[in-house]
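# Residue-level structural notes
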Amino acid sequence: MGLLKKIARYLTYIVIINIMVMFIAVLSLNSLFYPETYIKSFEKNDIYSMMDNSLFNGSIKEMIILPEGGTKQLIDEKITNIFSYARSKTDTLDLSLKTKEDFSYISLEKNLGTLPICPGGINFIQNNQIVCRPSNMTTKDFTNYLIDNNYIQKPEKTNQTLDLKEAIDKDNGLTKLRKFYSTYKIIKYIIFALLLLFVFLLLFLYVDSIKGFVRAIEIILVVYGIIGIKVSFTIASVSSGQINTLAAGDAGLGPMFKALAGDIIHGFTNRILIISIIILIIGIISLTVSWVYDRGHGEEKKK
């Protein structure tokens, strides 16, 4: 065999292994674009209870209409819609909350409740503006007093929606995520096409020996399996340090962020690890079978 052909084969081995590392990593990223990844993490870390106790409690809970499944169903529906939008499965980004008929009244009462208590002898109206609230009235009584005495107009009872799109997507992050996913799919297909191209190139280099081609693929599978396992542990180790650093800067949300990010990265690296182990096992089994076959075939020839 010519020296150039031998060099070309070895170089093709290296390229195929590197492309496989990239392809499996990119393929494993796919789960990050599906809501199940985040819903499982929310369930595991009891995020629903935290949100129910902090975000959807008190006056906010009085304003919005929760579905039958409560906070969990509401959050799951929004997460599902966000990632369906990101994957272009829907063009509708629904981040709105249904509010109760007396939402306007509750909002008014909440705003009035932020006013300071009027000092003794001071009228709550100064320069035709309500600047404080009487100390002998609850916020609800004060609200009703202002409405009954025509200081303010009684809010109409109408079903409304509270759109959170501006608050959640103020920097068009979800639109950017949608564009990123489109680019991601193209990259995934390009890498797969390159993998097939170099496999066919390797087949061409072994056109005079199919057995040699099969042995080369077996070796590539084993080598990739070992490298893939190493890559998964390396990503897990590096990302763990980064997550700990970011979480340390926020004593309030830090532990929650650490748990969620840790789960997501763990799922990503686990997929690389599992695929790599499967490929390694296939390579080892195939090599073993080939070796046993060659040995048996060789002994038959001797006879």
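Provided above is the structure to which this section pertains.
Counting restarts for each chain, with residues numbered from 1 along the sequence as it is written. Confidence filtering applies because this is a predicted model: local features only for residues at pLDDT of at least 70, side-chain atom pairs given and counted only at 80 or more, and all residues used for totals across whole chains, interfaces and linings. Derived side-chain values reflect all non-hydrogen atoms in the structure, with water molecules and hydrogen atoms excluded from consideration.

## Topic: the side chain of S232
The condition is simple: Here a helix means four or more residues in a row that DSSP labels H or I, a strand means two or more in a row labelled E, and each is numbered from the N terminus. Pairs of residues are marked as contacts when any of their non-hydrogen atoms sit within 4.5 Å.
Position of S232 relative to the elements: it lies in helix α10 (residues 210-248). Other than its neighbours up to four places away in sequence, S232 contacts T269, I272 and L273.

## Section: the packing of helix α1 (residues 3-29) against helix α9 (residues 173-205)
The line we're drawing: Inter-axis angles, ranging from 0 to 180 degrees, are taken between N-to-C directions of lines fitted to C-alpha atoms, where helices are fitted over the stretch in contact. In this scheme, roughly parallel covers angles under 35 degrees and roughly antiparallel covers those over 145, while 65 to 115 is roughly perpendicular and the rest are oblique. Left-handed describes a crossing in which the near helix is turned anticlockwise from the far one by less than a right angle; the clockwise case is right-handed. In this count, Pro and Cys sit with the nonpolar residues alongside Ala, Val, Leu, Ile, Met, Phe, Trp and Tyr, while Asp, Glu, Lys and Arg are called charged and the others, Gly among them, polar.
Following both chains from N to C, one finds α1 and α9 inclined at 155°, their axes separated by 9 Å at the closest point. Regarding the angle of α1 to α9, the classification is roughly antiparallel. Along this stretch, α1 crosses α9, giving a crossing that reads as left-handed. Each residue belonging to the contact of α1 with α9 can be placed in one class, and the counts come to 21 nonpolar, 1 polar and 3 charged.

## Considerations on a nonpolar patch on the surface
Keep this limit in mind: A patch consists of residues whose relative accessible area exceeds 30% and which take part in no salt bridge; residues with like charges are grouped when within 9 Å of each other, and nonpolar side chains (Val, Leu, Ile, Met, Phe, Trp, Tyr) when within 5 Å. The Shrake-Rupley method, run with a 1.4 Å probe, gives the accessible areas here. Residue values count only the displayed protein chains as cover. Here, a salt bridge means any Lys or Arg side-chain nitrogen found within 4 Å of an Asp or Glu carboxyl oxygen. The rule is simple: take the accessible area with a 1.4 Å probe, protein chains only, and divide by the maximum for that residue type; under 20% is buried, over 50% is exposed, in between is partly exposed.
A cluster of nonpolar side chains, namely L3, L4, I7, L11 and I14, defines an oily patch on the protein surface of about 540 Å² accessible area. Tracing the chain through its elements places I14 in helix α1. Since its relative accessible area comes to 48%, I14 is described here as partly exposed.

## Brief notes about helix α5 (residues 70-86)
As a reminder of what qualifies: For a helix, the expected span equals 1.5 Å multiplied by the residue count minus one.
Its 17 residues give α5 an end-to-end C-alpha distance of 25 Å, which sits within 8% of 24 Å, the value for a rise of 1.5 Å per residue. Counted residue by residue, α5 has 13 buried out of 17 residues, so it is predominantly covered. Directly after α5, the chain includes S88, whose backbone phi takes a positive value near 65°.

## What about unusual backbone geometry?
Non-glycine residue D46 carries a positive phi angle of around 55°. Assignment of secondary structure puts D46 in the loop between α2 (35-44) and α3 (47-54). Judged by relative accessible area, D46 falls into the partly exposed class, the value being 47%. The backbone of N127 sits at a positive phi, close to 55°, despite the residue not being glycine. Residue placement: N127 occurs in the loop between β2 (125-126) and β3 (129-130).

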